[in-house]
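Summary of structural features
Next come the chains, spelled out residue by residue.
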Amino acid sequence: MNLRFDDSSITVAIVGCGGFIGSHLLDAVLERTRWRVFGVDLDFYRLQHRLNHERCEFLCADLADPAVVERIAQFPLVVNLAAICTPSRYMGEACEVIRSNYDHPATLATACARSGSWLVHFSTSEIYGRTLPDSGELIEDETPAVFGPVAASRWSYATAKLLAERFIAGLPGLKWTVVRPFNFVGPYMDFMPGVDGEGIPRVLANFSTALLRGEPLKLVNGGKAKRCFTSVHDAVDFLFALFAAGSGLPDAGSETAVNIGSKTAPGVFSQAFNVGNQENEVSIAELAGKMRTIFAKVRGVDVSTLPEPQIVSGEEYYGVGYDDSMRRMPSVAKAERLLGFKARIPLDVALEESLSWFVGHYDTGASS
Ligand code: UGA
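What comes next concerns the included structure. Every value quoted in this text rests on a predicted model; they were computed, and no experiment measured them.

1. Section: the overall build of the protein chain
In terms of regular secondary structure, the protein chain is built from ten helices and 14 strands. For 368 residues, the compact-globule estimate of 2.2 N^0.38 gives 21 Å, and the protein chain sits close to it at 20 Å. When the backbone C-alpha atoms are referred to their principal axes, the protein chain occupies close to 55 × 45 × 40 Å. Expressed as a percentage of its 368 residues, the buried residues of the protein chain come to 58%. Contacts spanning at least 24 positions in sequence make up 77% of the contacts within the protein chain whose residues lie at least 6 apart. About 14,900 Å² of surface is accessible on the protein chain, with carbon and sulfur atoms providing 52% of the total.

2. Here we look at the site of the ligand
As a matter of local geometry, the ligand sits amid 26 residues, with Tyr-90, Glu-126, Asn-206, Arg-227 and Asp-324 nearest to it. In this structure, Tyr-90 approaches the ligand through a side-chain N or O atom, which is 2.6 Å from an oxygen atom. A distance of 2.7 Å is found between an oxygen atom of the ligand and a side-chain nitrogen or oxygen belonging to Tyr-322. Alone, the ligand offers 710 Å² of accessible surface; in the complex the protein occludes 97% of this. Of all the secondary structure elements, the ones that give two or more residues to the shell around the ligand are α5 (203-213), β8 (218-220) and α8 (314-318). Here the residues of the shell around the ligand are counted per class, giving 15 nonpolar, four polar and seven charged.

3. Topic: the packing of aromatic side chains
The way to describe two aromatic rings as a pair is by their centre distance and the angle between their planes. Summed over the entire model, instances satisfying the criterion amount to 20 aromatic pairs. Relative to Phe-75, the ring of Phe-38 lies with its centre 5.1 Å away and its plane at 35°, an arrangement referred to as tilted. Here Phe-38 is found in strand β2 (residues 36-41), whereas its partner Phe-75 is found in the loop between α2 (66-72) and β4 (77-80), with 37 residues between them in sequence. In this pair, the class of Phe-38 matches that of Phe-75, namely buried. A connected cluster of aromatic rings, assembled from ring pairs, spans Phe-5, Trp-35, Trp-118, Phe-240, Phe-243 and Phe-269. Here the guanidinium or amino end of Lys-175 rests over the ring plane of Phe-269, the centre of that ring lying 4.9 Å away.

4. So, the pattern of salt bridges
As a working rule, side chains carrying opposite charge can pair if their charged atoms are close by. A complete count under the given rule lists 22 salt bridges for this structure. Between Arg-71 and Glu-57 there is a salt bridge, with the nearest N and O atoms lying 2.6 Å from each other. In this pair, Arg-71 is assigned in helix α2 and Glu-57 in strand β3 (residues 56-60), connecting sequence segments 14 residues apart. Residue Glu-57 is classed as partly exposed on the basis of its relative accessible area of 39%. Across the pair Arg-292 and Glu-308 runs a salt bridge, and its minimum N-O distance is 3.7 Å. Of the two residues, Arg-292 sits in helix α7 (residues 284-299) while Glu-308 sits in the loop between α7 and β13 (310-312), which places them 16 residues apart along the sequence. A relative accessible area of 58% means that Glu-308 is categorised as exposed. One connected set of salt bridges, linked through shared partners, spans Glu-126, Arg-154, Arg-227, Asp-324 and Arg-328.

5. A look at the environment of Arg-114
Structurally, the position occupied by Arg-114 is in helix α3 (residues 94-115). Classification of Arg-114 by relative accessible area gives exposed; the value is 59%. Through-space distance from the C-alpha of Arg-114 to that of Arg-130 is 35 Å; in sequence the pair is 16 residues apart. Within the structure, Arg-114 has its side chain in polar contact with the side chain of Glu-70 (distance 2.6 Å).

6. As for the sheet that holds strand β14 (residues 327-328)
In space, the three strands of this open sheet follow the order β12-β9-β14, with mixed pairing throughout. Of all strands in the sheet, those with a lone pairing partner are β12 (281-283) and β14, marking the two edges. Bridge count for strand β9 (residues 226-228) against β12 is three bridges, and the pairing is antiparallel. For Lys-226, the partnering residue across the bridge sits in β12 and is Ser-283.

7. Side note on the side chain of Thr-124
Assignment of secondary structure puts Thr-124 in the loop between β5 (118-122) and α4 (155-170). Within the local environment of Thr-124, its side chain forms a polar contact with the backbone nitrogen of Glu-126, the two atoms lying 2.8 Å apart. Setting aside anything within four residues of it in sequence, one finds Thr-124 in contact with Tyr-157, Lys-161, Val-179, Arg-180 and Pro-181.

8. A look at unusual backbone geometry
Despite not being glycine, Asn-183 shows a phi value in the positive range, around 45°. Summarising the element assignment, Asn-183 is placed in the loop between β6 (175-181) and β7 (184-185). Of note in the backbone geometry, Asp-190 takes a positive phi value of approximately 55° without being a glycine.

About the criteria used
- Residues numbered from 1 in each chain as written.
- Predicted model: local features only at pLDDT ≥ 70, side-chain atom pairs only at ≥ 80, totals over all residues.
- Heavy atoms only, no water.
- Helix = DSSP H or I, 4+ residues; strand = E, 2+ residues; numbered from the N terminus.
- Rg over C-alpha atoms; globule rule 2.2 N^0.38 Å.
- Buried < 20%, exposed > 50% of the residue type's maximum accessible area, 1.4 Å probe, protein only.
- Contact = heavy atoms within 4.5 Å.
- Areas by Shrake-Rupley, 256 points an atom, 1.4 Å probe, with all protein chains shown as cover.
- Near = heavy atom within 4 Å.
- Polar contact = N/O pair within 3.5 Å; in protein donor to acceptor, adjacent residues only side chain to side chain.
- Nonpolar A, V, L, I, M, F, W, Y, C, P; charged D, E, K, R; others polar.
- Phe/Tyr/Trp six-rings, centres within 6.5 Å; stacked < 30°, edge-to-face > 60°.
- Lys NZ or Arg CZ within 6 Å of the ring centre and 35° of its normal.
- Salt bridge = Lys/Arg side-chain N within 4 Å of Asp/Glu carboxyl O.
- Pairing = 2+ DSSP bridges.

Here is the structure:
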């Protein structure tokens, strides 16, 4: 597959283009390549600055529509980011979550297998399941997945994502790569409840909202769960390393990625990759402490003037059926070995960027 970055005849289809990761990927494609973009999503409010771009075509549509799926699969490279991926929805909307994370991706994968497109499918770190506090590195092709019982409907999402991976891996003729993100953070992540979305967003947006509104941060079950937060800019660099390697290009296409191995990689197809940052592991209680400190700095106030965090029970906060992964430490060896990619942005830098953006974007008086 020849996907040269300077080839203006190439169009990449980005499904979920209007979302958090999609909006960053779109910017990077326009800045780093001469490709065109066919962007599909249900809304494009994050893309106001790109709506009239000469190299972009946007379609407001859903993968439930077979004609849309066929159209997407006409392009040589398809990146599927579309998903319901906020845990607060996994309990009450399990069927919708499964449709979004299994049915639609499976239909798209089938169309890509027919057309010969390279499908880069976004899965999740959550397919490793109900990990324990002492779980070690999660290794793509080794670690077994253990989920909670059916009554713990939190796992509706992860089981659908895992089945989608299995379907993709089993489809004859499909050229595929699966990406498993480990808690990407950055500007435009999720939403502010009551302003541009409803319900409970993921932890970064939820803590940012509480800080802006002068409310206590809620530590679910004491905030003991740990995550390795990864800057969305590292995630985009990973994708460029992948595109380059999948095209047989000698250059990973990113000035900022740390190249620690061979850049040309034969083995990027039929592979799942963790994308995470081992250095950025914190418990959620520690994350709350860091975000309070950064917010106080951004606002120029003393941290002691901010409300203390509050412990809440998972079932009370999210509803019956909530369960959690207690530790998600990615193995990053495969991305290093096959793509020469290693995430490099420290947690404090990623958090300060995200929180400063959130404050600048939402603190208009409409936010409370
Ligand atoms: C979610 C999705 O389910 C994953 O698929 C996705 O890959 C992942 O986010 C991600 O962003 O990569 P999770 O990490 O559990 O998984 O998402 P969050 O809602 O951000 O929760 C992280 C931790 O913070 C959990 O332990 C949760 O209980 C806790 N939390 C969340 C709080 O303590 N307070 C809050 O206000 C929100």
